[in-house]
Protein chains: 2
Amino acid sequence: MLKLSTKGQYGVRAMFEVARNYGKGTTTIKEISERQDVSVSYLEQLLNRLRRAGLVDSVKGPGGGYVLTREPAQVTIGDILRVLEGPVAITSCMDPSADGCERVDSCVARLLWKSLGERIEKFLDQITLQELLEEEKNILSGTLRIGRL
Amino acid sequence: MLKLSTKGQYGVRAMFEVARNYGKGTTTIKEISERQDVSVSYLEQLLNRLRRAGLVDSVKGPGGGYVLTREPAQVTIGDILRVLEGPVAITSCMDPSADGCERVDSCVARLLWKSLGERIEKFLDQITLQELLEEEKNILSGTLRIGRL
DNA sequence: AGAATACTTGACAATAATTGTTGGTCTTTC
DNA sequence: GAAAGACCAACAATTATTGTCAAGTATTCT
């Protein structure tokens, strides 16, 4: 239950690859495709949306690719997922773009889903690409984790 | 993103109706159907699975219906959802029934999804039907909430 | 200029999950 | 035995997911 579609998963992993090169240059779709094993065409779709949302910039021509528009510490997982998957909406009655059910006021379940959604969102907005980068360093060096993950 | 299918939503609402009558008698599918506006046939499917999982007992014949097998305070939302929707598995690599990806050890994203899943599960296992019942009382009486929702 | 590299866009197709419905059976109470 | 009610399996419609494909646009290097 509560699955995340591959769109969001790939998106986060793609952004992670771009973040990796932050300050060092661009990251091409081809590189991401190879490192993360996702098709070039599909990544194009995803990065395009992330660009239009202002999370990355693209540079054309040889030596081109994608770059973050802000530091990894300023990009949360929530930012990425909201662009690709829309807002957290456990139930359709929590979806701002859908029309609510008429039972709204007396619905106990609604409170439950609302509360869960808020907790999820809080978590996703707390974790940044910077933290993923540090986490990876720790994994590779075998260091004990202290972070929020 | 992170939607819960109607199966789980209806299931929780159905169990809530059964919990409402706890200690007072059985609850028929027809009653649930009318109060929660879900088709009889669909509810049959859901309650059947909840029965086979041991969360409710069924009584056939006139005056029959469903009853909780334990007190509302002993049934968590997580219990219900796991029966109807399977375990929390944000990504397929977190699904115990699927085979993991080969990248397991070095995958940073994996830690992220694992951590999120654990938090969600903790929350769902913390909220019981009893709490929903109390919550409803509060809503109806206009009382200020103090609970975990 | 020409070639290489890479991004852009829209259409569309295969697959899988969701969301139920239909139609019938079995059991118990009155 | 008739009505109330649970039980069960099959399957069909719809929607979401998960991509691919093809044709084009832009930029830079040599």
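The preceding data block contains the structure.
Criteria and cut-off values
Residues numbered from 1 in each chain as written. Chains lettered and ligands numbered in written order. Predicted model: local features only at pLDDT ≥ 70, side-chain atom pairs only at ≥ 80, totals over all residues. Heavy atoms only, no water. Helix = DSSP H or I, 4+ residues; strand = E, 2+ residues; numbered from the N terminus. Buried < 20%, exposed > 50% of the residue type's maximum accessible area, 1.4 Å probe, protein only. Contact = heavy atoms within 4.5 Å. Phe/Tyr/Trp six-rings, centres within 6.5 Å; stacked < 30°, edge-to-face > 60°. Core = buried A, V, L, I, M, F, W, Y, C linked by side-chain atoms within 4.5 Å. Least-squares fit on C-alpha atoms with pLDDT ≥ 70 in both. Near = heavy atom within 4 Å. Polar contact = N/O pair within 3.5 Å; in protein donor to acceptor, adjacent residues only side chain to side chain. Nonpolar A, V, L, I, M, F, W, Y, C, P; charged D, E, K, R; others polar.

1. Thoughts on the environment of Val67 of chain A
All names here are of chain A.
In step 1: Note that Val67 resides in strand S2 (residues 65-68).
In step 2: Overall, the relative accessible area of 24% leaves Val67 in the partly exposed class.
In step 3: When the C-alpha positions of Val67 and Pro87 are compared, they lie 24 Å apart, and in sequence the two are 20 residues distant.
In step 4: Residues within four places of Val67 in sequence aside, it is in contact with Val18, Gly25, Thr26, Val56 and Asp57.

2. Quick look at the packing of aromatic side chains
The relative placement of two aromatic rings is captured by the distance of their centres and the angle of their planes.
Residues and elements named next belong to chain A.
In step 1: Considering all chains together, one arrives at two aromatic pairs over all chains under this definition.
In step 2: Where Tyr10 meets Tyr42, the ring centres are 6.0 Å apart and the plane angle is 90 degrees; that geometry is what we call edge-to-face. Placement of Tyr10 in helix H1 (residues 6-20) and of Tyr42 in helix H3 (residues 40-52) is noted, with a sequence separation of 32 residues between them.
In step 3: For Tyr42, a relative accessible area of 23% corresponds to the partly exposed category.

3. Let's talk about the nonpolar core
In step 1: With 86 residues, the main nonpolar core has Trp113 and Leu132 of chain A together with Trp113 and Leu132 of chain B as its most contacted residues.
In step 2: In this structure, Trp113 of chain A is in contact with Ile90, Thr91 and Met94 of chain A together with Leu4, Gln9, Val12, Ile77 and Leu81 of chain B, ignoring residues within four places of it in sequence.

4. Details of the relation of the copies chain B and chain A
In step 1: When chain B is fitted onto chain A, the two copies agree to an RMSD of 0.1 Å after a turn of 180 degrees and an axial shift of 0.1 Å. The operation mapping one copy onto its partner corresponds to a two-fold rotation axis. For chain B, the residue whose C-alpha comes nearest the rotation axis is Leu2 of chain B, separated from it by 2.4 Å.
In step 2: Most of the interface of chain B is mirrored in chain A: 100% of its interface residues are interface residues there too.

5. Quick look at helix H4 (residues 77-85) of chain B
In step 1: Burial analysis of H4 of chain B places seven of its nine residues in the buried class, which makes it a mostly covered element.
In step 2: Every buried residue of H4 of chain B is listed here: Ile77, Gly78, Asp79, Ile80, Leu81, Leu84 and Glu85 of chain B.
In step 3: For H4 of chain B, the secondary structure elements touched by its buried residues are helix H5 (108-124) of chain A together with helix H1 (6-20), helix H3 (40-52), helix H5 (108-124) and helix H6 (129-141) of chain B.
In step 4: Gly86 of chain B, located one to two residues past H4 of chain B, shows a positive phi value of around 80 degrees.

6. A word on the protein's contact with DNA strand C
In step 1: Inspection of the region around DNA strand C gives 21 residues, with Arg51 of chain A together with Ser5, Thr6, Ser39 and Pro62 of chain B positioned closest.
In step 2: Here, DNA strand C places atoms within 4 Å of the protein, and 67% of those atoms are sugar or phosphate.
In step 3: Ser5 of chain B is positioned such that a nitrogen or oxygen atom in its side chain is 3.4 Å from a phosphate oxygen of DNA strand C.
In step 4: With respect to DNA strand C, the side chain of Gln45 of chain B contributes an N or O atom lying 3.1 Å from a base oxygen.
In step 5: Class assignment of the residues belonging to the surface near DNA strand C gives a composition of five nonpolar, 11 polar and five charged.

7. Re the protein's contact with DNA strand D
In step 1: Around DNA strand D sit 22 residues in total, of which Ser5 and Ser39 of chain A together with Glu44, Ser58 and Tyr66 of chain B are the nearest.
In step 2: Looking at DNA strand D alone, sugar and phosphate atoms form 76% of those within 4 Å of the protein.
In step 3: Here Tyr10 of chain A contributes a side-chain N or O atom positioned 3.1 Å from a phosphate oxygen of DNA strand D.
In step 4: The side chain of Gln45 of chain A places a nitrogen or oxygen atom 3.0 Å from a base oxygen of DNA strand D.
In step 5: Elements that contribute at least two residues to the surface near DNA strand D include exactly H1 and H3 of chain A together with H3, strand S1 (56-59) and strand S2 (65-68) of chain B.
In step 6: Partitioned by chemical class, the residues of the surface near DNA strand D number seven nonpolar, 10 polar and five charged.

8. Description of unusual backbone geometry
Residues and elements named next belong to chain A.
In step 1: Phi is positive for Asp37, which is not a glycine, with a value near 60 degrees.
In step 2: In this structure, Asp37 sits in the loop between helix H2 (29-36) and H3.
In step 3: Its relative accessible area of 60% is what places Asp37 among the exposed residues.

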